[in-house]
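# Examining the three-dimensional arrangement
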There are 2 protein chains.
Amino acid sequence: LKGLVGKLVEVGSKTKALGKDDPRRVIHALKLGLTLTIVSILYYYKPLYESFGVSAMWAVMTVVVVFEFSVGATLGKGLNRAFATLIAGGLGAGAHHLAALSGHVGQPIITSIFVFLIACTLTFMRFFPSIKAKYDYGMMISILTFSLVSISGLRDEEIFLLLQKRVSTIFVGVCVCVVISISISPFWAGEDLHNRIALNIEKLALFFEGYGSEYFRTLQDREANKDEKFIQPYKSILESSGIEDTLYNFARWEPGHGCFQFRHPWKQYLKIGALTYQCAFRIDALQRNLSSSNFQLSQEIRTEIQEPCMEMSVESGKALRQLVSSIREMTQPTQAEIHTHKSKAAAKKLKASLRSSSLWENCDLLTLIPAATVGSLLIDIVDCTEKIAEAV
Amino acid sequence: LKGLVGKLVEVGSKTKALGKDDPRRVIHALKLGLTLTIVSILYYYKPLYESFGVSAMWAVMTVVVVFEFSVGATLGKGLNRAFATLIAGGLGAGAHHLAALSGHVGQPIITSIFVFLIACTLTFMRFFPSIKAKYDYGMMISILTFSLVSISGLRDEEIFLLLQKRVSTIFVGVCVCVVISISISPFWAGEDLHNRIALNIEKLALFFEGYGSEYFRTLQDREANKDEKFIQPYKSILESSGIEDTLYNFARWEPGHGCFQFRHPWKQYLKIGALTYQCAFRIDALQRNLSSSNFQLSQEIRTEIQEPCMEMSVESGKALRQLVSSIREMTQPTQAEIHTHKSKAAAKKLKASLRSSSLWENCDLLTLIPAATVGSLLIDIVDCTEKIAEAV
């Protein structure tokens, strides 16, 4: 019994953490419950029940299946479901009519052939990447509706009635879902994507702001006060690269909202996201370097490289911060350019001093130079990011 | 008209490419068509139709929704659907009975409250990562079935009849799906995962085998004959890291098959996959280095480092090859250990010579040393991979 209580407490605290982590989850659950309750009125309210009959079941099913977390996902699935049912239902009715012409014996055979062909074709079509991204669910519903309508052993007029009811209930279900999803604290996938990209760039900026000074602290200093808050954030970028694609696919379905218009250039976000990922990639190399470094720089070298390295890091950080704020406010990043120019100049200086100086004798360069190389790579990246941010 | 013909030809060639790329896609489509045709016999065959009635529709729906590409995915979805329907159906019937006790007026209100509560709870539960991975679909079906059963305005005995029919048709649908999925050229997610991991390690090996000699060719040589076949493969590892997680989730549902037993340590594959990814990460750094190098090594340095670097690269490649074959044959990788030892020794040598040698004056080290650092990192990785491969 004690174990059970302990487990319950554990589950409770986990639930609380999950809700606190993103309160929208709780709201989403409540929204779904509300939508379902609204649709169930179709059953309770006599006049409505009489016109829809048992088909009202389809509306309930639609709500459960279609209602997703973000508006874009709900809209995408809803439209897919509604139009797939409409089109495939029509085709199914046609196939049923054709098969019925061939008499009592031929009908099952011809229907089976139709179903087999349509099912094979549409299933194969689901493998096309472009269809998979936007219309995967619609394809499945098409197969479903076509089979149901063409197989059912009813007469023609009954089929049209059934189809009409099915389509109309599904439309009602989808409409209720979409209206609730948009009207009660909507979660826009596009907004999510936008915030996510800005946040990721901010994480990069955070890293650079901390990195310069951290690198030039001596090892002893570093062990004394471990101020590595700036290191962790960027790692989450590396772990969650797939989410942006999903959000992008949802965002494409969304109408204009807030400061985003319909057909907002969501694709740009993907590009920026990819570049951010690349940049985090390089930061990871830098960081591994930092943590594995058991080196001692001679004083001369330190003074030689400290200034340009610090400047590179700090200016990159500033440029990224500018990019973040310009993405958030949707303005042209004019300030960022200045900072990238500065960090580029610093990189040039560092490269020159690395080439020319005669300080390099008999010291362990294993850890120093990768940092410089990666640093210059980073500046390329910053430059690149800037170009794309301009396109926003 | 010409544009249309051109487009059709384009679609045709794309289709052909998709089928050729993985012929299993075509087989999958045919399998689904076959299963659907078999299930539709429920409708045509009189005695069966009489016992199932219109509920036979549920069997068709189940097939379309549950039949997935791999056995694991089909089995997972099927079991989820069957048991979720059974449990939630029972709960729904109970809720309906309770609500009916409260009379004509109270019934809709109490039912609504039940539906609202269950929908909210289960929707929120879908956010738990552990539930999402294995039981997401089951949760959805639970909400669906519970709502359908409890809302429907039927009398108690009718509900049990409906439920019984629904559950039995869904069981039939799931069984047909699973049997066809396993009996006709089954695609095991576990086998996919196994092959994928082996292939990825092979790609790494390919890189190392080519890298050593490529690096020490002079720049002119390199431009003359671009033999960069070994470079491309590893990139695909970086692009497709999410697939393994999906396959893992499916593989957990699969019974023993071929040389894999039930409860095969699939988790080990994820670990190896993560390490492979890390390794590809570092290779990417090496490769960027290689392609951006506009350096000239002095002859002395070249001779100094060539031997250990070559050895590191070649031996790492050999060790990885051994790992691949031992994963494929499921044996202990004894040979691999020898090669990792050798490459470790080479790394030590290289490190020593980098520290001590007095050759470093006045030359551009920007490109040389990262390679060495990353090389030694790689050896750690190889070592790590080996440990895990031993666990297979």
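This structure is a prediction, so every number in the text was calculated from the model and none was measured.

What follows covers the overall build of chain A. In terms of helices and strands, chain A carries 16 helices and zero strands. Contacts spanning at least 24 positions in sequence make up 79% of the contacts within chain A whose residues lie at least 6 apart. Accessible area for chain A stands at about 18,100 Å²; split by element, carbon and sulfur atoms hold 62% of it.

Taken as a whole and judged by the stated rule, the model has twelve aromatic pairs over all chains. Each ring, one from A:Phe127 and one from B:Phe69, has its centre 5.8 Å from the other, and the planes form 80 degrees; the classification is edge-to-face. With A:Phe127 in the loop between helix 6 (103-125) and helix 7 (129-151) and B:Phe69 in the loop between helix 4 (56-66) and helix 5 (71-101), this residue pair bridges two chains. A residue is classified by how much of its surface remains accessible, and A:Phe127, at 18% relative accessible area, is buried. Assessed through its relative accessible area of 21%, B:Phe69 is described here as partly exposed. With a centroid separation of 6.4 Å and 85 degrees between ring planes, the pair formed by B:Phe124 and B:Phe128 is classed as edge-to-face.

In this structure the tally under the stated criterion is 15 salt bridges over all chains. Its salt-bridge partner being A:Lys14, residue A:Glu10 comes within 4.0 Å of it at the nearest N-O pair. Placement of the pair is A:Glu10 and A:Lys14 together in helix 1 (residues 2-21), with a separation of four residues, close to one helical turn. Its relative accessible area of 49% is what places A:Lys14 among the partly exposed residues. One salt bridge in this structure joins B:Arg25 and B:Asp21, with 3.7 Å as the shortest N-O distance. For B:Asp21, a relative accessible area of 60% puts it in the exposed group. When salt bridges with common partners are traced through the structure, they connect A:Asp22, A:Arg24 and A:Asp192 into a single cluster.

The next subject is the nonpolar core. Ranked by internal contacts, the top residues of the largest apolar core, which has 90 residues, are A:Leu36, A:Trp58, B:Leu36 and B:Trp58. The residues contacting B:Trp58, other than those within four sequence positions of it, are A:Met57, A:Met61, B:Arg81, B:Leu148, B:Arg166, B:Thr169 and B:Ile170. Judged by nonpolar contacts, the second largest core, of 58 residues, contains A:Leu270, A:Ile283, B:Ile283 and B:Ile327.

Positive phi, close to 30 degrees, is recorded for A:Ser185, a residue that is not glycine. Judged by relative accessible area, which is 33%, A:Ser185 ranks as partly exposed.

Attention now moves to the packing of helix 4 (residues 56-66) of chain A against helix 5 (residues 71-101) of chain A. All names here are of chain A. One way to put it is that helix 4 packs onto helix 5 with a least axis distance of 9 Å and a crossing angle of 140 degrees. The interaxial crossing formed by helix 4 with helix 5 has right-handed handedness. Contacts from Trp58, Met61, Thr62, Val65 and Val66 of helix 4 reach helix 5 at Thr74, Lys77, Gly78 and Arg81. Across the contact of helix 4 with helix 5, the residue classes break down as four nonpolar, three polar and two charged.

In this section: the environment of A:Ala82. Residues and elements named next belong to chain A. Assignment of secondary structure puts Ala82 in helix 5. Given the relative accessible area of 2%, Ala82 is considered buried. Put simply, Ala82 and Arg24 are 58 residues apart on the chain and 27 Å apart in space, counted from C-alpha to C-alpha.

Before going further, it helps to examine the state of the cysteines. One pass over the full model with this rule turns up zero disulfides over all chains. There is no disulfide at A:Cys120, and the cysteine sulfur nearest it, in B:Cys177, is 14 Å away. Free cysteine A:Cys177: the closest other cysteine sulfur is in A:Cys175, separated by 9.3 Å.

Let us look at the packing of helix 2 (residues 24-44) of chain A against helix 6 (residues 103-125) of chain B. Two numbers describe how helix 2 of chain A lies on helix 6 of chain B: the axes approach to 8 Å, and their chain directions differ by 145 degrees. The two elements helix 2 of chain A and helix 6 of chain B cross, and the hand of that crossing is right-handed. Between helix 2 of chain A, through A:Arg25, A:Val26, A:His28, A:Ala29, A:Leu30, A:Leu32, A:Gly33, A:Leu34, A:Leu36, A:Thr37, A:Ser40 and A:Tyr44, and helix 6 of chain B, the contact on the second element is made entirely by B:Pro108, B:Thr111, B:Ser112, B:Val115, B:Phe116, B:Ala119, B:Cys120, B:Thr123 and B:Phe124.

Let us now look at the environment of A:Gly76. All names here are of chain A. For Gly76, the location among the structural elements is in helix 5. Using a relative accessible area of 4% as the deciding quantity, one classes Gly76 as buried. In this structure, the C-alpha to C-alpha distance between Gly76 and Val178, residues 102 residues apart in sequence, is 9.9 Å.

Residue and element names in this part refer to chain B. A surface patch of nonpolar side chains, about 540 Å² in accessible area, is lined by Leu79, Phe83, Leu86, Ile87, Leu91 and Phe171. Ranked by the residues each element gives to the nonpolar patch, the list is headed by helix 5, at five residues. Turning to its location among the elements, Phe171 is positioned in helix 8 (residues 156-183). Under the relative-accessibility criterion, Phe171 is labelled partly exposed at 31%.

What follows deals with helix 7 (residues 129-151) of chain B. In helix 7 of chain B, a bend of some 85 degrees at B:Tyr135 exceeds every other bend along the element. Most of helix 7 of chain B is tucked away, with 17 of its 23 residues classed as buried.

Our next topic: the side chain of B:Arg166. Residue and element names in this part refer to chain B. With respect to the element layout, Arg166 can be found in helix 8. For the buried Arg166, no salt bridge exists, and the shortest N-O distance to an oppositely charged side chain is 16 Å, to Asp136. The contact partners of Arg166, leaving out residues within four places of it in the chain, are Trp58, Thr85, Thr145 and Leu148.

Let us now look at the confidence of the model for chain A. Residues and elements named next belong to chain A. Residues of chain A with pLDDT of at least 70 account for 68%, and the chain-wide mean is 74. Overall, residues 358-370 carries pLDDT values under 50, and its contacts beyond four positions in sequence, including any with other chains, amount to 36 contacts. We note a pTM of 0.79 for the whole complex and an ipTM of 0.78 for its interfaces.

Rules of the game
Residues numbered from 1 in each chain as written. Chains lettered and ligands numbered in written order. Predicted model: local features only at pLDDT ≥ 70, side-chain atom pairs only at ≥ 80, totals over all residues. Heavy atoms only, no water. Helix = DSSP H or I, 4+ residues; strand = E, 2+ residues; numbered from the N terminus. Contact = heavy atoms within 4.5 Å. Areas by Shrake-Rupley, 256 points an atom, 1.4 Å probe, with all protein chains shown as cover. Phe/Tyr/Trp six-rings, centres within 6.5 Å; stacked < 30°, edge-to-face > 60°. Buried < 20%, exposed > 50% of the residue type's maximum accessible area, 1.4 Å probe, protein only. Salt bridge = Lys/Arg side-chain N within 4 Å of Asp/Glu carboxyl O. Core = buried A, V, L, I, M, F, W, Y, C linked by side-chain atoms within 4.5 Å. Axes fitted to C-alpha atoms, helices over the stretch in contact; angles between N-to-C directions. Left-handed = near helix turned anticlockwise from the far one by under 90°. Nonpolar A, V, L, I, M, F, W, Y, C, P; charged D, E, K, R; others polar. Disulfide = S-S within 2.5 Å. Patch = residues over 30% accessible without salt bridge, like charges linked within 9 Å, V, L, I, M, F, W, Y side chains within 5 Å. Bend = angle between axes of the 7 residues up to and from the residue. Lys, Arg positive; Asp, Glu negative; His and termini not counted. pLDDT = per-residue confidence, 0-100.

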